[in-house]
Amino acid sequence: MSVWSAVLLAACICAGLKAFGYLIPAHLLEAPRPARISDLLAVALLAALLAVQTVGAGQTVVVDARLPAVLVAGGLLALRQSFLIVVIAAAAVAAGLRLLGWAA
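Residues numbered from 1 in each chain as written. Predicted model: local features only at pLDDT ≥ 70, side-chain atom pairs only at ≥ 80, totals over all residues. Heavy atoms only, no water.

Draft legend 1. A look at the overall build of the protein chain. Along the backbone of the protein chain there are five helices and two strands. Put simply, the protein chain runs from its N terminus to its C terminus through helices and strands in the order α-α-α-β-β-α-α. Relative to its length of 104 residues, the protein chain is extended, with a C-alpha radius of gyration of 20 Å against a globular reference of 13 Å. With the C-alpha coordinates aligned to their principal axes, the bounding extent of the protein chain is approximately 55 × 45 × 25 Å. (Helix = DSSP H or I, 4+ residues; strand = E, 2+ residues; numbered from the N terminus. Rg over C-alpha atoms; globule rule 2.2 N^0.38 Å.)

Draft legend 2. Quick look at the packing of helix H4 (residues 66–78) against helix H5 (residues 83–99). Two elements in contact, H4 and H5, have axes separated by 8 Å at closest approach and are oriented at 155 degrees. Between H4 and H5, the angle is such that the two are roughly antiparallel. Here H4 runs over H5; the crossing is right-handed. Contact residues: H4 offers Arg 66, Pro 68, Ala 69, Val 72, Ala 73, Leu 76 and Leu 77, while H5 offers Ile 85, Val 86, Ala 89, Ala 90, Val 93, Ala 94, Leu 97 and Arg 98. (Axes fitted to C-alpha atoms, helices over the stretch in contact; angles between N-to-C directions. Parallel < 35°, antiparallel > 145°, perpendicular 65-115°, else oblique. Left-handed = near helix turned anticlockwise from the far one by under 90°. Contact = heavy atoms within 4.5 Å.)

Draft legend 3. Quick peek at the side chain of Asp 64. Among the structural elements, Asp 64 can be located in the loop between strand E2 (60–61) and H4. A distance of 3.1 Å separates a polar atom in the side chain of Asp 64 from a polar atom in the side chain of Arg 66. (Polar contact = N/O pair within 3.5 Å; in protein donor to acceptor, adjacent residues only side chain to side chain.)

Draft legend 4. The arrangement of the environment of Pro 34 in detail. For Pro 34, the position within the fold is in helix H3 (residues 32–55). Once residues within four sequence positions are removed from consideration, Pro 34 is found in contact with Leu 28 and Leu 29.

Draft legend 5. The arrangement of the pattern of salt bridges in detail. According to the stated counting rule, one finds one salt bridge in the structure shown. Arg 66 is the partner of Asp 64 in a salt bridge, and the nearest nitrogen-oxygen pair spans 3.1 Å. (Salt bridge = Lys/Arg side-chain N within 4 Å of Asp/Glu carboxyl O.)

Draft legend 6. Structural context of the nonpolar core. In terms of nonpolar packing, the biggest core is built from nine residues, these being Ala 65, Ala 69, Ala 73, Leu 76, Val 86, Ala 89, Ala 90, Ala 94 and Leu 97. Those elements giving two or more residues to this core turn out to be H4 and H5. Here this core gets five residues from one element, more than from any other, and that element is H5. With near-sequence residues (within four places) excluded, Ala 94 lies in contact with Ala 65 and Ala 69. (Core = buried A, V, L, I, M, F, W, Y, C linked by side-chain atoms within 4.5 Å. Buried < 20%, exposed > 50% of the residue type's maximum accessible area, 1.4 Å probe, protein only.)

Draft legend 7. Representation of the confidence of the model for the protein chain. For the protein chain, the mean per-residue pLDDT works out to 91, and 98% of the residues sit at or above 70. Across the protein chain, element-level confidence peaks in H5 with a mean pLDDT of 96 and bottoms out in helix H2 (residues 26–29) with 84. (pLDDT = per-residue confidence, 0-100.)

Encoded structure:
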């Protein structure tokens, strides 16, 4: 199987799964339990993505300037700062740490 065959197969499977989702009756998805599960699943997936992108580098765990920047951003978001302030502060922390040579 070539790479393009695998890509086409994966695309067909994704399209099939999406089409299957439209066949599920709405009343099943609007029930309290599935709605709660889908809400929590979205949060869990975003948290996992954040963790992998923050401390992951290939197959290793790396603590560099990204981790303090994310912690600063999380603290500012907890204090209800505007998103622009959060992004600028996190970028400044990462840039400052890299300038000092603390982490590449």
